[in-house]
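Analysis of the macromolecular model
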Amino acid sequence: GHALLLRGRAGEHRSRDDGVVSIALRPAVAAHSGARGNVGVGRWARAGGAADEASPHHSRRPLSLLSSGSWSESATRQTLVHAIDYFGEIEVGTPAQTFRVLFDTGSGNVILPSRRCRESAACLSHRNYDANASKTSAQIAWIDDDSDGSPPKDPYDRDTAHVAFGAGEVWGQYASERICVVGGLCAKANFIEALEESDEPFAQARWDGVVGLAPNISLTGEFNFFRSLIDAKVVKQPVFAFFLGRGLHDGAELTLGGWREDRAATPMIWTNVSEAGYWQIALTDLAVDGKPLNLGCGCEGCCRAVLDSGSSLIMGPAFLINMLQEKLGVSETCSGRNFPSLGFVLRDRDGKSHALTLEQEDYMDREASNGTEYCWAHLLPMGDTGRGPVLVLGMPFLRKFYTVFDAGRQSVGFAAAKQPPASKSSSGSDAKDVAAGNTMPLVSCRGECYGETNASNLSSTSNASRASDASSASNASNASALRTAAA
């Protein structure tokens, strides 16, 4: 697999007071695959990944190519590689504590490692949230009653969350804080303070936590950070947008409070969200080389897709992914070969049909080694989601199409992304680019950066005198507040 991470740099943004912030992304060096997961309120899962019987909503889904196996590039020459992760910075608390986070449209909560996480290597190697150092911190004992904010009298008698990822898991408790996106957008929001994290994928990651941007799968509305920004009236519109550059040095960005017309190379195509919860849309068919596959998508809920900025791949049911690989003619050895296009057909809000088409360079990595070319399609089969067959449209799709997420109208817009010329600098963002809104440059990375995290570069809290914390049992009655993952 190939990894590309984008991280924020302090001081490299421009402030504006119009409620629009563009978090610009550009290439550099970093570490692990995008985190994906479901939150289960209830008892913690047993070792080995089996969910406790009191928590029926613990399910898993693959994150990226790096969620299983490993890859070495020592004897290869990259000819076409793509990103699998993007992260930026948020500031939490008063005074501010800065964290690198993944902005993830496939999950709904903010997760940060706690200073009380004293035994997990993943916590010890990252920036930790210190509640005692913040004037605006408040603890939440019970998810259905956060009015007090004082520490629970009995540390064992409070709600606990378990978050299952494709490559690991997190256990934590609830807190409330002032959370800001670098650029000046701030709101009070609830989040999960992680008390234990698995080594995979967190220990070697260069990001610290996750900011979920799904519209309606947060534990409660107060855990939805973008909704908190909307309620605080600090964003101009209830809209955000992702631009992901095609290559490792083409930049990327997340815009909050609006979208940038200069990032779109074609008119925007708007389609409605088909089901509340995720950014899920209805497809009417798929096409290979412009030819429809006639999948029979006319029935209710038969062909669905979820837009997922936290997935490095396009994922779907095994029968569908296997069929696509066969029709695309995917093979690992591909010297001199060309592959057909892959199209996703949908109807816009006016009922007009559109095919959103990926070319071979959009959905495939190519590498050369010792005179032979090797190809890997960014397609991955996944297991049953509990919600029926669904396609996960991750970064390969989001790189090709500038994608706008409208929480107000519950719709998603697509336009061919206006990619920078090859000669453009690696920042992917110049003075003209940032004129449309605040820009906070982020840094990207490739797979060789995994396992090379330099803890000395992190402004992490000292491990000394960490407060002890108990592994509390949680209130299983709150499990009804959860939704099963769409992917």
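Presented here is a report on the structure given in the accompanying data block. (Residues numbered from 1 in each chain as written. Predicted model: local features only at pLDDT ≥ 70, side-chain atom pairs only at ≥ 80, totals over all residues. Heavy atoms only, no water.)

Next up on the list: the overall build of the chain. Scanning the chain for helices and strands turns up six helices and 30 strands. A burial count over the chain gives 60% of its 487 residues as buried. A separation threshold of at least 6 residues defines the contact pool for the chain, and within that pool the share at least 24 residues apart is 76%. A total accessible area of about 18500 Å² is found for the chain, and carbon and sulfur atoms account for 47% of it. (Helix = DSSP H or I, 4+ residues; strand = E, 2+ residues; numbered from the N terminus. Buried < 20%, exposed > 50% of the residue type's maximum accessible area, 1.4 Å probe, protein only. Contact = heavy atoms within 4.5 Å. Areas by Shrake-Rupley, 256 points an atom, 1.4 Å probe, with all protein chains shown as cover.)

Simply put, the disulfide is a covalent bond whose two ends are the sulfur atoms of two cysteines. Summed over all chains, the structure comprises five disulfides. The disulfide that involves Cys334 links it to Cys375, with 1.8 Å between the sulfurs. One disulfide, between Cys334 and Cys375, carries an S-S torsion of 80° and so falls in the right-handed class. Residue Cys334 is found in the loop between helix H4 (318-328) and strand S21 (342-347), and its partner Cys375 is found in strand S24 (residues 372-377); the two are separated by 41 residues along the sequence. The same class applies to Cys334 as to Cys375, namely buried. (Disulfide = S-S within 2.5 Å.)

Tracing the backbone shows Ser125 in the loop between helix H1 (121-124) and strand S8 (138-140). Within the structure, Ser125 has its side chain in polar contact with the backbone oxygen of Ala122 (distance 3.3 Å). In this structure the side chain of Ser125 is engaged in a polar contact, spanning 3.1 Å, whose partner is the side chain of His126. (Polar contact = N/O pair within 3.5 Å; in protein donor to acceptor, adjacent residues only side chain to side chain.)

Of all six residues making up strand S27 (residues 401-406), six are buried, and the element is well covered by its neighbours. Residues Phe401, Thr403 and Phe405 of S27 are buried on one face, and the alternating residues Tyr402, Val404 and Asp406, pointing to the opposite face, are buried as well. Of the strand pairs in this sheet, strand S13 (residues 239-244) and S27 are connected by four bridges, and their pairing is antiparallel. Residue pairing across strands places Ala241 opposite Val404, the latter belonging to S27. Summarising the sheet, S27 and strand S28 (residues 411-416) pair through six bridges and their orientation is antiparallel. Within S28, the residue paired with Val404 across the bridge is Gly413. Taking the residues that link successive antiparallel strands as the turn, the S27-S28 hairpin has four residues, and the phi of Gln410 there is positive, at about 50°. (Pairing = 2+ DSSP bridges.)

Further remarks concern the pattern of salt bridges. Any two side chains of opposite charge can pair, so long as their charged atoms come close to each other. The full count for this structure, using the stated rule, is nine salt bridges. Notably, a salt bridge pairs Asp262 with Arg260, separated by 2.8 Å at the nearest N-O pair. Judged by its relative accessible area of 2%, Arg260 falls in the buried class. Residue Lys400 pairs with Asp362 through a salt bridge whose shortest N-O separation is 3.2 Å. (Salt bridge = Lys/Arg side-chain N within 4 Å of Asp/Glu carboxyl O.)

On to H4. Residues spaced three or four apart along an α-helix point in a common direction, a consequence of the helix completing one turn every 3.6 residues. Looking only at H4, the buried set comprises Leu320, Ile321, Leu324 and Leu328. For H4, the angular spread of buried residues about the axis comes to 95°, placing them on one side. Turned more than 90 degrees away from the buried face of H4, the exposed residues are Phe319 and Glu326. Contacts made by the buried residues of H4 are with strand S17 (285-288), strand S20 (314-317), S21, helix H5 (360-363), strand S25 (379-382) and strand S26 (391-393). (Arc of directions from axis to C-beta.)

Purely spatial values, then, with no claim about function.
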